[in-house]
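Residues per chain are reported as follows:
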Amino acid sequence: MKNLCVLCVLCGSLLFAAEEPLIRDMKVGYLLNCSFLSPQPYCWPAGKDAILSGWEVDRAGGNIAFSPNCHYPDGFAFHSDWFKLVDTSPTAAVTIKHKIARQTEGQIVLEFRFKLPAKMDGACFQLRDLEVAPASLPAVGIITKDGNICYETPDGPKILQPCEPGHDYGVKVVVDISARTADIYIDGEEKGKALPFSGPAKTIDYVLIKTGDKDTGEMFLGPVNIHKGYIVNETFVTCAPGKVPAGWEITGGTVQAFECCTRPDIYSIKLGAKNHGGSLEQGWWWRPKGKYVVEFRMLIPETKLDRWLHLTNIRVGIWNGSIRVENDGKEIELVPQARLEFWYTIKLVIDPDVQAEVFVNGKSSARFRPGAPICQHLSFLAESTIWLDDIRVYPNQDYPADYVPEPKPCPAKEPYLLGVQSCNLWQEGMSYAGWDYVYPFRDKRRPYLGWYDEGNPEETDWEIKWQVEHGIGFEMHCWYRPNNAIGKPIKEGVLDQGIIKGLFNARYSHLAKFAIMCTDEGACFTNMQDWRENIIPYWIEYFFKDPRYLKIDGKPVLSIYHLGNLQKMFGGADGCRKAIEALREDVAKAGLPGIIVLMENRTADRNSFKAMKSIGVDYCYAYTWTTPDAAKQRANNLAQRDASAATGFNALPSISMGWDRQAWGVKDGGWTPVDQYKQLAQWAKDEFMPSLPADSLGRRILMLANWNEFGEGHFLMPSNLAGFGYVDALRDVFTAGGPHEDAKPTEKQTQRFGVLYPRD
């Protein structure tokens, strides 16, 4: 049986029934990007083994473990403290294996971190070929032996360095498949150069990680990444504090831990000190061929002196407190007054002798003619302190001939504005739970996008197309800040790839509007100082200032998920009121005319409405009604309307296509038939919304649950369940679009953005 994968009920592991290679054509990007974040759903049955999505797990010698434990409520979280393999058997190992798209030539890079609290011989990390017998040596193998980290060879393990118990090691392996060699780096230091392949492999198909066959103990693990095609890709994730990664020339700086996003990616490089400079540069030159991209993140603690990235005749960085770009002596101001202790994301797209474009925090900020440099040299120079991270240089990828067809927007008729809620869980390996939980229920839940890599701009463009062609006016994304980064500047959120990597880089993003819901359940814990110094500035600079962000009368719209959690964080009603007042003050200081604050609530409890009103919330709405019953949804909207009106508060209407958490382990619902959903939408438009107060936004805005909750079981995105049925119903009710033809991607197209999950 070919291309069939089955779920092993006894051990909870995934078994590849047919060991066929995964075929994908990808020039630049990640083949595997796994941080073992939240490996199981919040409602997964207690005592049942978690499914480690995308991985084949052999639990013969023990099991996997992770923290937080993901169970709701106490263990529910969107960050990772640790993940480990726990070996309890003196005769067997714990083994995990993950396919990647088959690689036959060129270079790939494997990155991982591991820690062995006690000596464990036989722990190994391998890149292998599906066509070579498992008993044979791998293409590349790193193994522990006699207290050392070794490289596997036909003559036995070759010692690279001692393996110290309790030390958290970062390992990078640069593999040249064409030359059949590997360069090994441990904690950023070169330990082996051009080592020949361990075994007879001709291709690379999967990574295999295993504890010792005889020794028992624990192996802490994460991340495990494989990427290809980058000229530079330095996240410092395999580096060690106090050391400089090989391949860089550095003065006045070193790698340090800076825990401003979820573990394990907590390392950045710090250049210079106050009034003392530093530099970081690649010790080589390269001649660009065609269009290319340069990206990096930077944070400055004080503004006195200059810092910049230098690319031959282009410089971008800080001059006298402002972020500017300089080209052949001409300066363009990008950010008039840079924030201190704030991570900026800079991206340059350079087409030599044609045009260069600079993006700051995902927004196009300047275009200029760059000239035609003969070659490029990458260097960062600082006269005072600067933090740097996520430095990437790579060839720009042109749009393929069969790219997403240009959308034909069909907006809702005035005055209606449809807002679809979404939860971005689907960047396999870096998100929540994973596609393996959904896969057994693919007859209904498989999206027309396939098992997509969320955050891929081409995939995002399909989502934009489907939304704007069916009257959906904005997407309300759940937004999370990891709880382990409280009090630190935000380098990146959790599960924000749909916005930061997808929407911000999508070809058709100018057609879309987005907003965020601060999901303070399992994430976003904060306090007044952190709220004001880190969270609000991040929202303003990355979101509220973006022209694609949803604004009503110039005011950005923000949602906050949980009233009770907000009260806990800020110490009750008075603290919450001060927090929202601070939000309004800082938004006004940023030059915006105000902000509209929403809060999620799916009850008709008058006390909750009074509480929301007292702290300064403008409206509430239901994220979901947790039912497919259209009659109950009508009743819930009516009850919420009447109860909120009795307290002088306002609620926005909300409708859903259903609810069923079977993929998350609990069968507790179903789906509204498309014809009944259309009737529900018609009722909302014709009867319910006109019954709301004349000055209420509820007469204009209808919230829709949900766009992409395939695990929780409410998803409007076109899928095997009902095709385009639900979104076509919205188009029929709310737009004047008339007959149309819905497009969906071909298998060839879905394969371009379905790389990280090893299934077709």
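Located above this text is the structure these notes cover.
Residues numbered from 1 in each chain as written. Predicted model: local features only at pLDDT ≥ 70, side-chain atom pairs only at ≥ 80, totals over all residues. Heavy atoms only, no water.

**Q** Any chance you could explain the overall build of the chain here in plain terms?
**A** Check the secondary structure of the chain and you find 11 helices and 43 strands. Against the 2.2 N^0.38 benchmark of 27 Å for 760 residues, the chain shows a C-alpha radius of gyration of 26 Å, consistent with a compact globule. Across its three principal axes, the chain shows a C-alpha extent of roughly 80 × 65 × 55 Å. The burial tally for the chain puts 63% of its 760 residues in the buried class. Here the contacts in the chain between residues at least 6 apart in sequence split such that 73% fall between residues at least 24 apart. Accessible area for the chain stands at about 27,500 Å²; split by element, carbon and sulfur atoms hold 51% of it. Considering the chain, the positive charge centre built from 83 side chains and the negative charge centre built from 94 side chains are found 2 Å apart. (Helix = DSSP H or I, 4+ residues; strand = E, 2+ residues; numbered from the N terminus. Rg over C-alpha atoms; globule rule 2.2 N^0.38 Å. Buried < 20%, exposed > 50% of the residue type's maximum accessible area, 1.4 Å probe, protein only. Contact = heavy atoms within 4.5 Å. Areas by Shrake-Rupley, 256 points an atom, 1.4 Å probe, with all protein chains shown as cover. Lys, Arg positive; Asp, Glu negative; His and termini not counted. Charge placed at Lys NZ, Arg CZ, Asp CG, Glu CD.)

**Q** Would you explain the sheet that holds strand β4 (residues 56-58) in this entry?
**A** Each strand in a sheet pairs with another by means of backbone hydrogen bonds, the pair being arranged parallel or else antiparallel. Strand order in this open sheet of seven strands is β4-β7-β16-β9-β10-β11-β12, and the pairing throughout is antiparallel. With partners counted over all chains shown, the strands left at the sheet margins are β4 and β12 (158-162), one partner each. The mean inter-strand angle of the sheet, taken between neighbouring strand axes irrespective of direction, is 20°. Pairing analysis gives four bridges linking strand β10 (residues 140-145) to strand β11 (residues 148-151), with the strands arranged antiparallel. Note on β11: the bridge partner recorded for Ile142 is Tyr151. (Pairing = 2+ DSSP bridges. Axes fitted to C-alpha atoms, helices over the stretch in contact; angles between N-to-C directions.)

**Q** Would you explain unusual backbone geometry in this entry?
**A** Negative phi is the rule for most residues except glycine; trans is the rule for most peptide bonds. Cis geometry is found at the peptide bond from Tyr72 to Pro73, where omega equals 5°. Along the chain, Pro73 turns up in the loop between β5 (62-67) and β6 (82-87). You will see that Asp553, though not glycine, has its phi angle at about 55°, which is positive. Exposure remark for Asp553: the relative accessible area of 68% places this residue in the exposed category. Positive phi, normally seen in glycine, also occurs at Thr626, with a value near 50°.

**Q** Help me out: how do you make sense of the side chain of Ser279 in this one?
**A** Assignment of secondary structure puts Ser279 in strand β22 (residues 278-282). Within the structure, the side chain of Ser279 is placed 2.7 Å from the side chain of Thr251, a separation counted as a polar contact. For Ser279, the contacting residues outside a window of four places in its chain are Glu249, Ile250, Thr251, Leu271, Phe380 and Leu381. (Polar contact = N/O pair within 3.5 Å; in protein donor to acceptor, adjacent residues only side chain to side chain.)

**Q** Honestly, the pairing of strand β26 (residues 322-327) in this entry has me stumped. Any pointers?
**A** The side chains of a regular strand alternate between both faces of the sheet. Within β26, six of the six residues are buried, leaving the element largely enclosed by the surrounding structure. Relative to β26, strand β25 (residues 314-319) is paired through six bridges, and the arrangement is antiparallel. Bridge pairing links Arg315 to Glu326 in β26. Once β25 ends, the chain turns through two residues before running back antiparallel as β26, passing Asn320 with a positive phi of about 50°.

**Q** What's the story with the pattern of salt bridges in this structure? I'm lost.
**A** Any two side chains of opposite charge can pair, on the condition that their charged atoms come close. Per the counting criterion, the structure on display carries 46 salt bridges. The salt bridge partner of Glu331 is Arg324, with a shortest N-O separation of 2.8 Å. A relative accessible area of 42% places Glu331 in the partly exposed class. In this structure, the salt-bridge partner of Asp660 is Lys667, at a minimum N-O distance of 2.6 Å. Asp660 gets classed as buried once you look at its relative accessible area, which sits at 0%. Connected via shared salt-bridge partners are Glu19, Glu56 and Lys97. (Salt bridge = Lys/Arg side-chain N within 4 Å of Asp/Glu carboxyl O.)

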